[in-house]
Amino acid sequence: MDFAALSEAVINGDRNAAVKLTEEGLARDVLPQDILQKGLVAGMDVVGKKFKANEFYVPEVLVAARAMKSAMALLRPKLAEANIEGVAKVVIGTVRGDLHDIGKNLVAMMLEGAGFDIIDIGVDCSPEKFIQGVKEKGGTVVAMSALLTTTMPSMKDTIAEFESAGIRGDVKMMIGGAPITQDYADSIGADGYAPDAASAVDLAKELLAA
Ligand code: B1M
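Residues numbered from 1 in each chain as written. Predicted model: local features only at pLDDT ≥ 70, side-chain atom pairs only at ≥ 80, totals over all residues. Heavy atoms only, no water.

Time to look at the overall build of the protein chain. On a plain count of helices and strands, the protein chain comes out with nine helices and five strands. N-terminal to C-terminal, the α/β element order of the protein chain is α-α-α-α-β-α-β-α-β-α-β-α-β-α. Relative to the 2.2 N^0.38 estimate, which gives 17 Å for 210 residues, the radius of gyration of the protein chain is 17 Å and therefore close to what a compact globule would have. Per-residue burial for the protein chain yields a buried fraction of 47% across its 210 residues. When the accessible surface of the protein chain is split by element, carbon and sulfur atoms take 53% of a total near 10000 Å². Here the protein chain carries 21 positive and 30 negative side-chain charges, and the mean point of each set is 3 Å from the other. (Helix = DSSP H or I, 4+ residues; strand = E, 2+ residues; numbered from the N terminus. Rg over C-alpha atoms; globule rule 2.2 N^0.38 Å. Buried < 20%, exposed > 50% of the residue type's maximum accessible area, 1.4 Å probe, protein only. Areas by Shrake-Rupley, 256 points an atom, 1.4 Å probe, with all protein chains shown as cover. Lys, Arg positive; Asp, Glu negative; His and termini not counted. Charge placed at Lys NZ, Arg CZ, Asp CG, Glu CD.)

There is one protein donor for the cobalt atom of the ligand, namely His100 (NE2), at 2.2 Å. Inspection of the secondary structure puts His100 in the loop between strand E1 (89-95) and helix H5 (102-113). (Donors = N, O, S within 2.8 Å, 3.2 Å for Na, K, Ca; no water.)

All right, on to the site of the ligand then. The local shell around the ligand holds 31 residues, among which Leu99, His100, Asp101, Ser145 and Thr149 are the closest. In the environment of the ligand, a nitrogen atom lies 2.8 Å from a nitrogen or oxygen atom belonging to the side chain of Ser145. Among the secondary structure elements, those contributing two or more residues to the shell around the ligand are helix H3 (32-52), helix H4 (58-81), H5, strand E3 (141-145), strand E4 (172-176) and helix H9 (197-209). Of the residues assigned to the shell around the ligand, the class counts are 19 nonpolar, eight polar and four charged. Shared between two domains, the shell around the ligand holds at least three residues of each, these being domain 1 (3-81) and domain 2 (89-209). (Near = heavy atom within 4 Å. Polar contact = N/O pair within 3.5 Å; in protein donor to acceptor, adjacent residues only side chain to side chain. Nonpolar A, V, L, I, M, F, W, Y, C, P; charged D, E, K, R; others polar. Domains from an automatic or database assignment.)

Summarising burial for E4: four of the five residues are buried, a large majority. Bridge analysis of E3 against E4 gives five bridges, and the strand direction is parallel. Directly across from Ala143, in E4, lies its bridge partner Met174. With helix H7 (residues 153-164) bridging E3 and its parallel neighbour E4, the resulting β-α-β unit is right-handed. Strand direction decides the pairing type here: E4 and strand E5 (residues 192-193), joined by two bridges, are parallel. Considered in E5, the bridge of Ile175 is made with Tyr193. (Pairing = 2+ DSSP bridges. Right-handed = clockwise from strand over helix to strand, strands pointing away.)

Moving on to H3. Over its 21 residues, H3 extends 29 Å from the first C-alpha to the last, a length consistent with the 30 Å expected when each residue adds 1.5 Å. Of all the bends found along H3, the most pronounced is centred on Val41 and spans about 30 degrees. What H3 keeps buried is the set Pro32, Ile35, Leu36, Gly39, Leu40, Val41, Gly43, Met44 and Val47. Phi turns positive one or two residues past the end of H3, at Asn54, with a value near 60 degrees. (Expected span 1.5 Å × (residues − 1). Bend = angle between axes of the 7 residues up to and from the residue.)

Structurally, Asp98 can be placed in the loop between E1 and H5. One buried charged residue, Asp98, forms no salt bridge at all, with the nearest opposite charge on Lys104 at 10 Å. A polar side-chain atom of Asp98 sits 3.2 Å from the main-chain amide nitrogen of Leu148. If sequence neighbours within four positions are ignored, Asp98 has contacts with Val123, Asp124, Ala146, Leu147, Leu148 and Thr151. (Salt bridge = Lys/Arg side-chain N within 4 Å of Asp/Glu carboxyl O. Contact = heavy atoms within 4.5 Å.)

This brings us to the pattern of salt bridges. Across all of its chains, the model carries seven salt bridges by this definition. In this structure, Lys20 engages Glu24 in a salt bridge whose closest nitrogen and oxygen atoms are separated by 3.1 Å. Residue Lys20 and its partner Glu24 are located together in helix H2 (residues 15-27), separated by four residues, close to a single helical turn. Looking at Glu24, the relative accessible area reads 33%, which means it is partly exposed.

A few words on the domain arrangement of the protein chain. You can read the domains of the protein chain as domain 1 (3-81) and domain 2 (89-209). On a C-alpha basis, the centroid separation for the pair domain 1 and domain 2 is 24 Å. On the domain 2 side, the residues contacting the twelve residues of domain 1 number eight residues. Counting the surface lost from both domain 1 and domain 2, the interface buries some 970 Å², and carbon and sulfur atoms represent 76% of this. One can count one salt bridge joining domain 1 with domain 2. Asp101 is the salt-bridge partner of Lys69, the closest N and O atoms lying 2.9 Å from each other. Our count for the contact surface shared by domain 1 and domain 2 stands at one residue pair in polar contact (both at pLDDT 80 or more). At eight residues, the largest contribution of residues to the side of domain 1 that touches domain 2 is made by H4. (Buried area = accessible area lost by both parts, 1.4 Å probe.)

Structure, rendered in structure tokens:
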């Protein structure tokens, strides 16, 4: 499969090409994880770099994200099919004030592909919304994503709310996102930090085994 062409489709925001190439790859039994990592994620990485360098502006980024999401919709059931052991329910969301969901969706997809049940509560999630997700859906892992330095404190607030609600001990709380570090995770009392979607799967498994 031509992963570079798929990356290009994402970079160019060409939703039709991204979907077509993903469909072709799946039809030829290319591993969905490879389509995700080598094609889609690689393309979005370039988009991020171009945005940073002011070569891309918000509209270009949005169409790239749309192309990626359309292709991701095809991959999701395939990743889920590779249902591995250790299923647990993960309540995942982007924290309050933060609308970035591409990384969060990738983490959710990778977790889903590893056999976890995903309760995706979306973006701009208040501490109460995370608690509601856990109480109503029976989540045992809480996964918080933040892309803005200004929204990182909401992770701390969410952990504090779980303490106040008396259910902190019932769940493992993991965090991630571009500005997050292990030091930050330690400082707010999170159970773990993962730098990328693949490591998030390993971390979730480790936390549940601990
Ligand atoms: Co925004 N944005 N953005 N943006 N945006 C950043 C994050 C920024 C770094 C760009 C920059 O200035 N260079 C900057 C943040 C600066 C900072 O806080 N230090 C920024 C800003 C400032 C803003 C706005 C404030 C811009 C404005 O309006 N003036 C605004 C804020 C809106 C809001 O949230 N309230 C804004 C808006 C947007 C768009 C809507 C245009 C769009 C989001 C579309 C969407 O998500 N649906 C957008 C995008 C796309 C970006 C960049 C270009 C790309 C982010 C992305 O999707 N990366 C980004 C620049 C960059 O990253 N270079 C930027 C690809 C994605 C795969 O990576 O999300 O890091 P990432 O996820 C990774 C890991 O971090 C990790 O795994 C993922 C995959 O491996 N991970 C986890 C993520 N969550 C995890 C959770 C885990 C574990 C791992 O466990 C629970």
